[in-house]
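# Structure at a glance
Single-letter residue listing:
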Amino acid sequence: MQSKPGVLEDVLLEIDGGVERAIARLSSWLSIPSISTDPTHDDDCREAAGWLVRELSSVGIAAELRETGGHPIVVGKGGAASGARALFYGHYDVQPIDPLDAWETPPFAPRVKPLPDGRKVISARGACDDKGQIMTFVEACRAWKAVTGSLPVGVTFLIEGAEEDGSKFLPDWVATNRHELSADFALVCDTCLWDKDTPCITTSLRGLLHEEVTVCGPSQDLHSGLYGGAARNPIRVLGRILGDLHRDDGSVAIPGFYDGVEDPPGEILASWRELNPSPSLFLGNVGLSEPAGERDRLLIEQVQSRPTCEANGIIGGYTGVGTKTVIPARASVKISFRLVGNQDPQKISAAFRDFVRERVPGDCSVEFVGLAGSRAVQIPFRAPVLAAAKTALRSEWGKEPVLIGSGGSIPIIDTFKHELGLDTLLVGFGLDDDCVHAPNEKYDLRSLHKGARTWARILAELSGQLR
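Residues numbered from 1 in each chain as written. Predicted model: local features only at pLDDT ≥ 70, side-chain atom pairs only at ≥ 80, totals over all residues. Heavy atoms only, no water.

### Let's talk about the side chain of Gln 304
In this structure, Gln 304 sits in helix 10 (residues 299-304). Those residues in contact with Gln 304 that lie beyond four places of it in its chain are Arg 206, Trp 272, Ile 404, Gly 405, Ser 406 and Gly 407. (Helix = DSSP H or I, 4+ residues; strand = E, 2+ residues; numbered from the N terminus. Contact = heavy atoms within 4.5 Å.)

### Observations regarding the environment of Asp 165
In this structure, Asp 165 sits in the loop between strand 6 (154-160) and helix 5 (170-176). According to the relative accessible area criterion, Asp 165 is partly exposed, its value standing at 22%. Along the backbone, Asp 165 and Val 75 are 90 residues apart, and their C-alpha atoms lie at a distance of 19 Å. Those residues within four positions of Asp 165 in sequence are excluded, and the remaining contacts are Ser 36, Thr 37 and Asp 93. (Buried < 20%, exposed > 50% of the residue type's maximum accessible area, 1.4 Å probe, protein only.)

### What to know about the pairing of strand 6
Burial analysis of strand 6 places seven of its seven residues in the buried class, the great majority of the element. Note that strand 2 (residues 73-78) and strand 6 share five bridges and pair antiparallel. If you follow Lys 77 over to strand 6, its bridge partner there is Thr 156. Inspection of the sheet shows strand 3 (residues 85-91) paired to strand 6 by seven bridges, in the parallel sense. Note on strand 6: the bridge partner recorded for Leu 87 is Thr 156. (Pairing = 2+ DSSP bridges.)

### Examining the sheet that holds strand 4 (residues 111-114)
In spatial order, the strands read 4-5-18; together these three strands make up an open sheet with antiparallel pairing. Strands with a single pairing partner mark the edges of an open sheet, and in this sheet they are strand 4 and strand 18 (442-444). Ignoring which end each strand starts from, the neighbouring axes of this sheet average 30 degrees apart. (Axes fitted to C-alpha atoms, helices over the stretch in contact; angles between N-to-C directions.)

### Describing the nonpolar core
If you look at the biggest cluster of nonpolar residues, it comprises 74 residues, and the most contacted ones within it are Trp 29, Phe 88, Phe 137, Phe 157, Leu 187, Leu 425 and Trp 455. The element contributing the most residues to this core is helix 14 (residues 445-465), with nine residues. When near neighbours in sequence (up to four residues on either side) are disregarded, Phe 88 contacts Ile 134, Phe 137, Val 155, Thr 156, Phe 157, Leu 158, Ile 159, Leu 187, Cys 189 and Trp 455. By size, the runner-up hydrophobic cluster in this structure holds 26 residues, among which are Val 252, Ala 331, Leu 339 and Cys 364. (Core = buried A, V, L, I, M, F, W, Y, C linked by side-chain atoms within 4.5 Å.)

### Looking at the packing of helix 2 (residues 19-30) against helix 4 (residues 131-148)
Running from N to C, helix 2 and helix 4 cross one another at 140 degrees; their axes reach a closest spacing of 11 Å. Judged by the inter-axis angle, helix 2 sits oblique to helix 4. The crossing of helix 2 and helix 4 is right-handed. Listed contacts from helix 4 to Ala 22, Arg 25, Leu 26, Trp 29 and Leu 30 of helix 2 are Lys 131, Gly 132, Ile 134, Met 135, Glu 139 and Arg 142. Here the contact of helix 2 with helix 4 is built from residues that sort into six nonpolar, one polar and four charged. (Parallel < 35°, antiparallel > 145°, perpendicular 65-115°, else oblique. Left-handed = near helix turned anticlockwise from the far one by under 90°. Nonpolar A, V, L, I, M, F, W, Y, C, P; charged D, E, K, R; others polar.)

### Some points on the pattern of salt bridges
Here the structure, examined in full by the defined rule, presents 39 salt bridges. Residues Glu 301 and Arg 297 are paired through a salt bridge, measuring 3.3 Å at the closest nitrogen-oxygen approach. Glu 301 gets classed as buried once you look at its relative accessible area, which sits at 5%. Salt-bridge contacts for Glu 367 lead to Arg 330; the nearest nitrogen and oxygen are separated by 3.1 Å. (Salt bridge = Lys/Arg side-chain N within 4 Å of Asp/Glu carboxyl O.)

### Section: helix 12 (residues 384-397)
In this model, helix 12 (14 residues) spans 20 Å end to end at C-alpha, consistent with the 20 Å of a helix rising 1.5 Å per residue. At the exit of helix 12 stands Gly 398, carrying a positive phi of roughly 70 degrees. (Expected span 1.5 Å × (residues − 1).)

Structure follows, in structure tokens:
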């Protein structure tokens, strides 16, 4: 169905009149401690999934639990059987709550409270990531059903329970059940506003590749007085390798690393130049001041649209209290790559390992451990779903939405692209101070309200643009 302007206004009024009930529903869900990584909360995860099934069913969405090798998935379908269909993805699981003594109130006792600047928020684990964000979409669907008895487009819900634990079973489940997930595009609400008054659309996500390297030298740890100067030290070998990974200009030195990397369109780069934060603003809060990426790139490019290679942890020799003068038998490093464009994780892995092997001396050996990587994803800048979202956001927020890339990775988005052939629209309403993954996580009540209104508008626009 194609919505009429008057109908949309009625839907928005329905959302406005139901804010307190929406807060109560969200509070009920937030009280369930669905920590996916902790087996002692397995029953809580199942309870949180069951809560959502009941809630979707109350909106007229045919929903059910589907089993995986881990926590269950919530699958629901509603709206017209013909015409445009959206696949809406989110996750009901939450992060652990440590350190508990840093919480101002219990993490699973949701509380609405005012902030010093006058904003009202709901505080609880999962408030922003991702239960509150999911509920913006559910509340939009609820309002459409209440006013019209239907949804303006078909919607398939896919809400998992292990995103915070690596989505271990979801890619295989999607591949096996792809016939149930047919859609024209995917929608995700797990991102942020540019600032509290400016909407944002995330148009790309960087891919991700993990590598662990262990350089093996002597057959045992050696006395550094007896063998120092003569025996090969794996830490020294590893340090040289790490030093060679980057050139003086900040670029990555692995041959072929930049194959498949393209610059954003000129108009996007122009808009980024206007948004480009100063180093003191972006890095000052973490005690730094100088960008360390490619020197010929904007700071905003370095964190959004350029690939990276970063050492995440080094282990070797004695690391306890005091001294122990040894040359270690082994030294290891964990490295992650953030990928963009058409970079191929398998090719990057092979090139990296060749790069390392070339720098390992003959009397040492090297071992590798890697995890399956994910490619970067990019929604086409002229995709109809992107145009629809821009119109809806502009109408609700009174500002042109900012189009950005995300330096982070959501591996399931890559699965949607390559298993289902779907581009994914990422629109979220979180704020930088929402303490996601940290104590005192919150979600602004304005985000909950205007988020629901925004999704109602997006659904209306989609019904008119994707028929």
